[in-house]
Amino acid sequence: MRRLVIILSLCIGGLMTAGAQTFTQKLQKSAAGEGRITVTQDKAIDDLVNGTKAAPAKPVTPKQTENTNKKTTATNQEKKEKTLDELIAEHTATPVAADTIDRKVAKGVKVNGYRVQVFAGGNTRNDRLKAERTRDEIKALFPGEPLYVHFYSPRWICRMGNYRTYEEAHEVLTRVQSLGYSSAIIVKGKITVAY
């Protein structure tokens, strides 16, 4: 019985002292035969990790919030427009109007079919740019065809079309190869068709 009382008192005492320590203090505690850990961090991070509450922020009036939102929206819109114009100029040899670039493929049903793979590169940034440049060139030559640039590990790929039969895909393949894309091939997979 006496042993039980001693063990319980040691456990309760250990829990009380352990609860007083913060997480980073427990991490930095050194023991014989073990390495030493040093933690250097900002006070905000220390408060977040150790569970102490940060000081409440000043209340913001609705008018301040509205002005901030308007400024942010205007700045973001300018950035988006600038980025799109830069991409068009950067990735095309001949200028393409902004409305001819596919922003999102029309929604539809996924079925088995075929696509023409026009470009397959490596996994570098240059290969991504080549795939996007190929997409823009093909888009200028085939304005009605959907084009896809994806990263299928380990390479960047540019594919075009949603063809239900091999014959349709082969017809487009011969036209693409005659334009100088001799490495173009037909690939089988899921395609998107309209409802």
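Residues numbered from 1 in each chain as written. Predicted model: local features only at pLDDT ≥ 70, side-chain atom pairs only at ≥ 80, totals over all residues. Heavy atoms only, no water.

### Describing the sheet that holds strand 2 (residues 147–152)
Turning to step 1, where the next piece is worked out: Ordered in space as 2-3-1-4, the four strands form an open sheet in which the pairing is antiparallel. Because the sheet does not close on itself, it has two edges, and the strands there are strand 2 and strand 4 (185–193). Put simply, the sheet's adjacent strands are angled 40° from each other on average, direction ignored.
Turning to step 2, where the next piece is worked out: Pairing of strand 1 (residues 109–120) with strand 4, which is carried by nine bridges, proceeds in the antiparallel orientation. (Pairing = 2+ DSSP bridges. Helix = DSSP H or I, 4+ residues; strand = E, 2+ residues; numbered from the N terminus. Axes fitted to C-alpha atoms, helices over the stretch in contact; angles between N-to-C directions.)

### Considerations on helix 6 (residues 166–178)
Turning to step 1, where the next piece is worked out: Look at helix 6: 18 Å from first C-alpha to last across 13 residues, which is about the 18 Å you get at 1.5 Å a residue.
Turning to step 2, where the next piece is worked out: Considering only its buried residues, helix 6 is in contact with strand 1, strand 3 (155–163) and strand 4.
Turning to step 3, where the next piece is worked out: G180, located one to two residues past helix 6, shows a positive phi value of around 110°. (Expected span 1.5 Å × (residues − 1). Contact = heavy atoms within 4.5 Å.)

### Concerning the confidence of the model for the chain
Turning to step 1, where the next piece is worked out: Looking at the chain as a whole, its pLDDT mean stands at 74, while 62% of the residues score no less than 70.
Turning to step 2, where the next piece is worked out: Considering only residues more than four positions removed or in separate chains, one finds that residues 90–105, a stretch of pLDDT under 50, has 18 contacts. (pLDDT = per-residue confidence, 0-100.)

### Quick look at the packing of aromatic side chains
Turning to step 1, where the next piece is worked out: For the coordinates displayed, the defined rule picks out two aromatic pairs.
Turning to step 2, where the next piece is worked out: Relative to Y166, the ring of Y114 has its centre 5.7 Å away and its plane inclined at 85°; by these criteria the two rings are edge-to-face. Note that Y114 is positioned in strand 1 and Y166 in helix 6, a separation of 52 residues in sequence.
Turning to step 3, where the next piece is worked out: Its relative accessible area of 41% is what places Y166 among the partly exposed residues.
Turning to step 4, where the next piece is worked out: Geometry around Y148 places R115 over its ring, the cationic atom sitting 3.7 Å from the centre. (Phe/Tyr/Trp six-rings, centres within 6.5 Å; stacked < 30°, edge-to-face > 60°. Buried < 20%, exposed > 50% of the residue type's maximum accessible area, 1.4 Å probe, protein only. Lys NZ or Arg CZ within 6 Å of the ring centre and 35° of its normal.)

### Comments concerning the pattern of salt bridges
Turning to step 1, where the next piece is worked out: All chains considered together, the criterion is met by two salt bridges.
Turning to step 2, where the next piece is worked out: With a closest N to O distance of 3.2 Å, E132 and R128 form a salt bridge. Highlighted residues: E132 and R128, both in helix 5 (residues 125–141), separated by four residues, approximately one helical turn.
Turning to step 3, where the next piece is worked out: Taking the relative accessible area as the measure of exposure, R128 reaches 40% and is therefore partly exposed. (Salt bridge = Lys/Arg side-chain N within 4 Å of Asp/Glu carboxyl O.)

### A short note on the side chain of R115
Turning to step 1, where the next piece is worked out: Checked against the element boundaries, R115 lands in strand 1.
Turning to step 2, where the next piece is worked out: No salt bridge forms around the buried R115; measuring N to O, its nearest opposite-charge neighbour E145 is 8.8 Å away.
Turning to step 3, where the next piece is worked out: Excluding residues within four positions of it along the chain, R115 makes contact with Y148, R159, M160, G161, N162, Y163, I185, I186, V187, K190, I191 and T192. (Lys, Arg positive; Asp, Glu negative; His and termini not counted.)

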